[in-house]
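Below, each chain spelled out in residue letters.
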Amino acid sequence: MFDQVDFSALELPPSARALQREVREFLRTELAALGFTPHLGHAEFHADFTRRVAERGWIGMTWPKRYGGQERSYLDRFVVTEEMLAVAAPCAAHWFADRQTGPSLLRYGTEAQRQRYLPAIARGEYYFALGMSEPNSGSDLASVKTRAERVPNGWRVTGQKVWTSWAHKAHAFFVLCRTSPDSGNRHEGLSQLIVELDAPGVTVRPIRFMNGEHHFNEVFLDNVFVPDDRVVGEIGQGWKQVTSELALERSGPERYMTTFPLFTELMRRLGGTPDTRAAEAAGKLAARMWSLRRMSLAIAITLDPGPDSEQGTPKATVDLATEAALVKDMGTFFEREIIDAARLLATVEPAPDAADLFERYLADTIVCAPVSTIRGGTTQVLRNLIARKLLDPLK
Amino acid sequence: MNDVSDIRTMLVDSATRLFADHVNAKMLDAAKHDGWSSALWKIVEDAQLPLVSIAEDAGGAGGSLSDFAAVLRIAGRYTAPIPLAETALAGWLLASSRLAIPAGPLTVAPVHGEEISARKVGGHWKLSGSLQRVPFARIAGHIVVLAAGPAGDLVACVDAAQCEITPERNLASEPRDGVVLADAAVAAEFVAPAAGGVNPTTLRERGALLRSVAMAGALERALELAVGYAGERSQFGRKIGQFQAIQQELARFAGEVAAAVASALSAAGAVERAQNATFAVACAKIRTAQAAHEGALIAHQVHGAIGVTDEYALHHATLRLWAWREEFGNEAAWAIELGRAMCAAGADRLWPTLTAD
């Protein structure tokens, strides 16, 4: 594990420190100015905030300048991301495009696709969602049934996607679908298409979360025409394309920081002189958080393609998929440890409408606790993947 | 940068070869009775491994603390029965006070917060104190102590022959001996004021760091054994590693090992750079002790009954893990200290502290 990483030498260079200060200052002033009431559990959608972040050059910041990027390092992006998460900044509008759509287009997209979407994403004006899961395809993603049929100049897509976060606000989404019948090898015949959500035949319906919030959707695709120039990468290579960049996606700070603001508020509750039990709990949370961050940071730095790269996509020669799965597995459980520590040390009743930040955060996080170990690869699927990697060399 | 990592790579490769070639079942079994392996010590000392991270002009072999941590991780992985960490700690104390580093195995004291008093009588110092569970004391030629002198802390290199030593051991049968200094005489040339930043607190901190690093290595060993066993042991007509229940446990184990490695080596870097060092060491000792707890038990569960026998290799790693997690402060002790410091600093310092590497 982590054989390529020298943890002892891992530290933020002065440029990243400067960026960290800049982002902290930005968040302090911006969030106050927005008059925004933060919630935890799901990143919130705030178009104005996303535009303000874009003005600072922090969306698509690792991408080439000719597509609106800043050609900054993965480490810089890591710093921006973790600062946003630390204060529950409302990043949902640009989240998926910044993390996934952009890098996918840089690696597999055509020049025209990059020109059409990337600068608009980087300006904070164009939002993407992800169309992966289906009613009968959750962990078993290769079983997707949404299909595209060849027609002149493009494809006709029919099917249903679910758990599509923020599809009701996004402009487009990536759809993983079957472009040729299942021939026995289920990983073949899948493709990725860009479907713009205002296209005829697209219907978005809310799926309400158990606390009544609306961020999930189901998206129905009824014979939707997708022109040839919206095909991402190669027809039939969709599986390879969606699984090739999981390392960064799985190991980012969002895998262990979605309940972090509750930790901060817990510390405020505990005050300056905690009893032994509280001190021990706080110390243990800090230790786990720190070790997770060191691993996440190591992956971001190791996958950085370096300043000479034009591509802005992760270094292909390093395989950290297993390490990334470990970070997600442990990170998502750590998020729950924060909730339990807060719950057991403070003994307050969770109050969803409380004015008090701690009480509200506690309510938010308890309700959202089941989600993080399900989305982006369930704990059980990840552990099977990790074990296969461990046992493989023995065969 | 390249030079540093090239040297590290060479060091790691040669240490791996050395331990792989020389540590074996017979040696580990004999060490349970003898307390160590003098043969292995000789080879390790000839390779100057205990002197890595001590400046050459102070009698060391050069290199950084992270270089030494890389070596100690491997020693932990092979459960090398020698006082490598202890000798390095002693070397650090001596070198920081510009005292000569004697040859042979060394150890340090106090490791449980006891006070050693020092008074000067003529040309000699006389040291007194009663010390619990000093690692490898009966093996060490010299015990390097931090003593309270009339004008502040002193570092003294005490000939072990001057001490009354009562053999005891830890779970892995490593010597953890009682030591009584009763006006033990030390010539003035072997005593010097402790340097800035060298005191019982930082000695404990370094000790905790080195135990964390060694635990990371021992955890790697336990994981290797568990994975290997899962791949060869058959039950119900198939390899037990093919059962998802076993796979899930191995995956959880791998996470614990990764977290231990990441935190121990990160803390070595923090101490080396003297940056947020106390915080990093506390985190590392807490996290590696937790990993030792989870990991050792998973390793045994995967092995079934064979793992708990004295003829199977697993116990060399797990007994050490269970011993080392307590030494220089266990996870509760460090967490309470850390939690108090964090609360005293206030909630708004939490995030800056976690990110101050």
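Residues numbered from 1 in each chain as written. Chains lettered and ligands numbered in written order. Predicted model: local features only at pLDDT ≥ 70, side-chain atom pairs only at ≥ 80, totals over all residues.

For chain A, the helix and strand inventory stands at 12 helices and 8 strands. For 395 residues, the compact-globule estimate of 2.2 N^0.38 gives 21 Å, and chain A sits close to it at 21 Å. When the backbone C-alpha atoms are referred to their principal axes, chain A occupies close to 70 × 45 × 45 Å. Residues counted as buried form 51% of the 395 residues belonging to chain A. Partitioning the intrachain contacts of chain A with sequence separation of at least 6 by distance along the chain shows that 74% fall at a separation of at least 24. (Helix = DSSP H or I, 4+ residues; strand = E, 2+ residues; numbered from the N terminus. Rg over C-alpha atoms; globule rule 2.2 N^0.38 Å. Buried ≥ 20, exposed ≤ 12 C-beta atoms within 10 Å, placed from the backbone. Contact = placed C-beta atoms within 7 Å.)

Of the regular secondary structure elements, chain B holds 11 helices and 10 strands. For a compact globule of 357 residues, the expected C-alpha radius of gyration is about 21 Å, and chain B comes in at 21 Å, within 12% of that figure. Dimensions along the principal axes, computed over C-alpha positions, put chain B at roughly 80 × 55 × 40 Å.

Residue and element names in this part refer to chain B. Where strand β3 (residues 124–135) meets strand β7 (residues 176–187), 9 bridges bridge the pair, whose relative direction is antiparallel. Considered in β7, the bridge of Leu131 is made with Val179. Relative to β7, strand β6 (residues 164–166) runs antiparallel, the two sharing 3 bridges. By the bridge assignment for β7, Ile165 is matched with Val179. (Pairing = 2+ DSSP bridges.)

The interface is formed by 48 residues belonging to chain B together with 49 residues belonging to chain A. When residues of the side of chain B that touches chain A are traced back to their parent elements, those giving at least two are α4 (65–77), α6 (200–232), α7 (244–273), α8 (277–303), α10 (331–345) and α11 (350–354) of chain B. The element that contributes the greatest number of residues to the side of chain B that touches chain A is α7 of chain B, accounting for 19 residues. Here the side of chain B that touches chain A is built from residues that sort into 28 nonpolar, 14 polar and 6 charged. (Nonpolar A, V, L, I, M, F, W, Y, C, P; charged D, E, K, R; others polar.)

Residue and element names in this part refer to chain B. Under the 1.5 Å per step criterion, the end-to-end length of α7 is 43 Å for 30 residues, consistent within 8% with the ideal 44 Å. Most of α7 is tucked away: 25 of the 30 residues are buried. Phi turns positive one or two residues past the end of α7, at Ala274, with a value near 50 degrees. (Expected span 1.5 Å × (residues − 1).)

Residues and elements named next belong to chain B. Within the fold, Glu168 resides in the loop between β6 and β7. For Glu168, a count of 14 C-beta atoms within 10 Å puts it in the partly exposed group. Each C-alpha atom of the pair Glu168 and Gly178 lies 6.9 Å from the other, and the pair is 10 residues apart in sequence. Setting aside its immediate chain neighbours within four residues, Glu168 contacts Arg133, Arg176, Asp177 and Gly178.

All names here are of chain A. Partitioning chain A into structural domains gives domain 1 (7–126), domain 2 (130–236) and domain 3 (242–394). On a C-alpha basis, the centres of domain 1 and domain 3 stand 19 Å from each other. Counting residues at the interface gives 27 residues for domain 1 and 27 residues for domain 3. For the side of domain 1 that touches domain 3, the secondary-structure elements that each account for two or more residues are α3 (74–86) and α4 (92–108). Considering every element that reaches the side of domain 1 that touches domain 3, the biggest residue donor is α3, with 7 residues. Tallied by class, residues from the side of domain 1 that touches domain 3 come to 15 nonpolar, 9 polar and 3 charged. (Domains from an automatic or database assignment.)

So, about unusual backbone geometry. Peptide bonds are mostly trans, and most non-glycine residues show a negative phi. For the peptide bond that leads from Ala109 of chain B to Pro110 of chain B, omega is -5 degrees, which places it in the cis range. Within the element layout of this structure, Pro110 of chain B appears in the loop between β1 (106–109) and β2 (117–121). Not every positive phi belongs to a glycine, and Asn153 of chain A is a case in point at roughly 70 degrees. Look at Asn153 of chain A and you get exposed, because 10 C-beta atoms sit within 10 Å. The phi angle at Thr79 of chain B is positive, at roughly 45 degrees, despite the residue not being glycine. Structurally, Thr79 of chain B can be placed in the loop between α4 and α5 (84–96). Classification of Thr79 of chain B as buried rests on a count of 26 C-beta atoms within 10 Å.

For the rest of this paragraph, the subject is the environment of Pro135 of chain B. Take Pro135 of chain B: it is sitting in strand β3. Taking the C-alpha atoms as reference points, Pro135 of chain B and Glu327 of chain B, separated by 192 residues in sequence, lie 9.7 Å from one another.

All names here are of chain B. Within the sequence span of helix α3 (residues 38–46), burial applies to Leu40, Trp41 and Val44. Each buried residue of α3 lies within a common arc of 100 degrees when the element is viewed along its axis, so the set occupies one face. The exposed residues of α3 that point more than 90 degrees off its buried face are Ala39 and Asp46. Gln48 occupies a position one or two residues after α3 and carries a positive phi of about 65 degrees. (Arc of directions from axis to C-beta.)

On to the confidence of the model for chain B, then. Confidence in the prediction for chain B averages 97 pLDDT; 99% of positions are at 70 or higher. At the level of chain-chain contacts, confidence expressed as ipTM amounts to 0.96, with global pTM at 0.96. (pLDDT = per-residue confidence, 0-100.)

The next subject is the environment of Trp41 of chain B. All names here are of chain B. Within the secondary structure layout, Trp41 lies in helix α3. Spatially, the C-alpha atoms of Trp41 and Ala80 are 9.1 Å apart, while their sequence positions differ by 39 residues. Trp41 has contacts with Trp36, Ile82 and Pro105, leaving out every residue within four places of it along the chain.

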